[in-house]
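Fold and contact review
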Amino acid sequence: MSWENNVRKVEPYVAGEQPKQKDIIKLNTNECPYPPAPGVAKKAKEMMCESLRLYPDMNAEKLVNALAEYYKVKPAQIFVGVGSDDVLAMAFMTFFNGKEPILFPDITYSFYDVWAELHRIPYKVCPLDEEFKIRKEDYFVPNGGIVIPNPNAPTGVFESVEVMEEIIRANRDVVVIIDEAYVDFGGESVLPLIDKYDNLLVVQTFSKSRAMAGIRIGFAIGNEKLISYLQDVKFSFNSYTMNLPTIEMGTEAVTDDTYFKEITGKIIATRERVKDEMANLGFSFTDSKANFLFATHERVPAQEIFQALKENGIYVRYWNKPRINNRLRITIGTDEQMDKMLAFLKNYLKERN
Ligand code: PMP
């Protein structure tokens, strides 16, 4: 008998690399290439050390109120957390306690199965079709809950709100979580459905479209009862998760809608341009509605391109996993960064012939 018999053994989530060198082009973890809204930097400068002496408001009321105003919901319909990873982990813990397996796609955000294992939640994956689209019928079976990212990651594929609604409607007796981490890049949110379906929880993040991955803010919006159950679990775990500067700076980001629209618009325009240019080099794609492309080349294996890019200081993401092992996930950077990547690829593919 060893103490190790009583250890909770899990296989942790593997995030994209965060290289230390400064002179690389980093297109591997779906960060925003632009800075956060100007008000955020101003607020950061204003924040005096004195304010750090006190505990933060554990309800993060200022941020919750700003989000409520922006999304036109009641503050009691919002739950905030330390990145959407924190919010999703809390939601798994709170809502997925049944005996039936929870359902999510086979190709999806690779944290879902990690949380399921951690919290000992039974789960079943539903294979996407050949075009990486959800087969909605897979979700019309008895289950303990559902989590679907829309747009999906790492495919970028967006499913219509109508299909999402069918899935939510068919599963009124379990909680359906729609993870909208990438919805601001051309998708459409299911948020208007929260008053119609009390089993719908929508999760979003400041990490991508609000350029604040480093500060860690995520939030969930849903029926008041769902939110109050989430709060109960959160306050039984750790009350002060969101720190005071984060609450202040997050509030600044939500209130600058003009800047938000400007940077998301720029990323969408860059994505579409880069897609056209890469298509000329022999790449094809899913119709990504996210801040990344999911690309494959007609001739050259993805793993080889991944290595070649990396050796030249351009980091993208590659998974050696079934069905996606000939794909690259390329985060959309600035036009300048993308032009450097395109120039490299053009040259590399020509020389390789
Ligand atoms: N959901 C999906 C689908 C993601 O790709 C990510 C980013 N890794 C997250 C949630 C979590 O992002 P964050 O914790 O930075 O909000």
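A brief structural summary.

1. Considering the pattern of salt bridges
Evaluation of the coordinates by the stated rule reveals 24 salt bridges. The salt bridge partner of Lys 289 is Asp 287, with a shortest N-O separation of 3.3 Å. Relative accessible area serves as the criterion here: at 22%, Lys 289 is assigned to the partly exposed category. Its salt-bridge partner being Glu 336, residue Lys 340 comes within 3.8 Å of it at the nearest N-O pair. One end of the pair is Lys 340 and the other is Glu 336, both in helix 10 (residues 335-352) and 4 residues apart, which spans about a single turn. One continuous salt-bridge network, built from bridges that share partners, spans Lys 42, Lys 43, Glu 46, Lys 62 and Glu 248.

2. Looking at the sheet that holds strand 12 (residues 328-331)
Spatially, 9-10-12 is the arrangement adopted by the 3 strands of the open sheet, whose pairing is antiparallel. Every interior strand has two partners, whereas the edge strands, strand 9 (283-285) and strand 12, have only one. Mean inter-strand twist for the sheet, computed between neighbouring axes without regard to direction, equals 40°. Note: strand 9 against strand 10 (residues 292-297), 3 bridges, orientation antiparallel. Bridge pairing links Ser 284 to Thr 296 in strand 10.

3. Looking at the sheet that holds strand 7 (residues 200-205)
If you trace the 7 strands from one edge of the open sheet to the other, you get 2-8-7-6-5-3-4, paired in mixed fashion. Edge positions in the open sheet fall to strand 2 (78-81) and strand 4 (123-126), since each of these has one partner strand only. Strand after strand, the sheet turns through a mean of 20° between neighbouring axes, direction not considered. Pairing analysis gives 2 bridges linking strand 3 (residues 102-105) to strand 5 (residues 145-149), with the strands arranged parallel. When the bridges of strand 5 are listed, Leu 103 appears paired with Ile 146.

4. A few points about the site of the ligand
Inspection of the region around the ligand gives 13 residues, with Ser 84, Asp 179, Tyr 182, Thr 205 and Ser 207 positioned closest. Between the ligand and the protein, one listed contact pairs a nitrogen atom with a side-chain N or O atom of Tyr 109 at 3.2 Å. Protein chains shield 91% of the accessible area of the ligand, which is 410 Å² for the free molecule. Spatially, the ligand is embedded in the largest pocket. A total of 4 residues in the shell around the ligand trace back to one element, the largest contributor, which is helix 3 (residues 83-95). Among the residues forming the shell around the ligand, the class breakdown is 5 nonpolar, 4 polar and 4 charged.

5. Describing the layout of surface pockets
Empty space among the atoms can be located by rolling a probe the size of a water molecule over them. Estimates place the volume of the largest pocket at around 1,100 Å³. Secondary structure elements with two or more residues in the lining of the largest pocket: helix 3 and helix 4 (112-118). Taken together, the residues of the lining of the largest pocket break down into 20 nonpolar, 10 polar and 14 charged. Looking at which domains feed residues into the lining of the largest pocket, each of domain 1 (3-35 + 258-352) and domain 2 (53-256) supplies at least three. Space inside the second largest pocket adds up to approximately 220 Å³. Along its surface, the second largest pocket is lined by 17 residues, and Glu 31, Cys 32, Pro 33, Ala 211 and Ala 213 are the ones closest to its centre. For the lining of the second largest pocket, the residue count by class is 9 nonpolar, 6 polar and 2 charged. Shared between two domains, the lining of the second largest pocket holds at least three residues of each, these being domain 1 (3-35 + 258-352) and domain 2 (53-256).

Parameters and conventions
Residues numbered from 1 in each chain as written. Predicted model: local features only at pLDDT ≥ 70, side-chain atom pairs only at ≥ 80, totals over all residues. Heavy atoms only, no water. Salt bridge = Lys/Arg side-chain N within 4 Å of Asp/Glu carboxyl O. Buried < 20%, exposed > 50% of the residue type's maximum accessible area, 1.4 Å probe, protein only. Helix = DSSP H or I, 4+ residues; strand = E, 2+ residues; numbered from the N terminus. Pairing = 2+ DSSP bridges. Axes fitted to C-alpha atoms, helices over the stretch in contact; angles between N-to-C directions. Near = heavy atom within 4 Å. Polar contact = N/O pair within 3.5 Å; in protein donor to acceptor, adjacent residues only side chain to side chain. Areas by Shrake-Rupley, 256 points an atom, 1.4 Å probe, with all protein chains shown as cover. 1 Å grid on protein atoms, 1.4 Å probe; cavity = no way out; pocket = protein on both sides within 12 Å on 5 of 7 lines; lining within 4 Å. Sits in = over half its atoms within 2 Å of the grid points. Nonpolar A, V, L, I, M, F, W, Y, C, P; charged D, E, K, R; others polar. Points joined across faces, edges and corners; volume = space filled by probe spheres on them. Domains from an automatic or database assignment.

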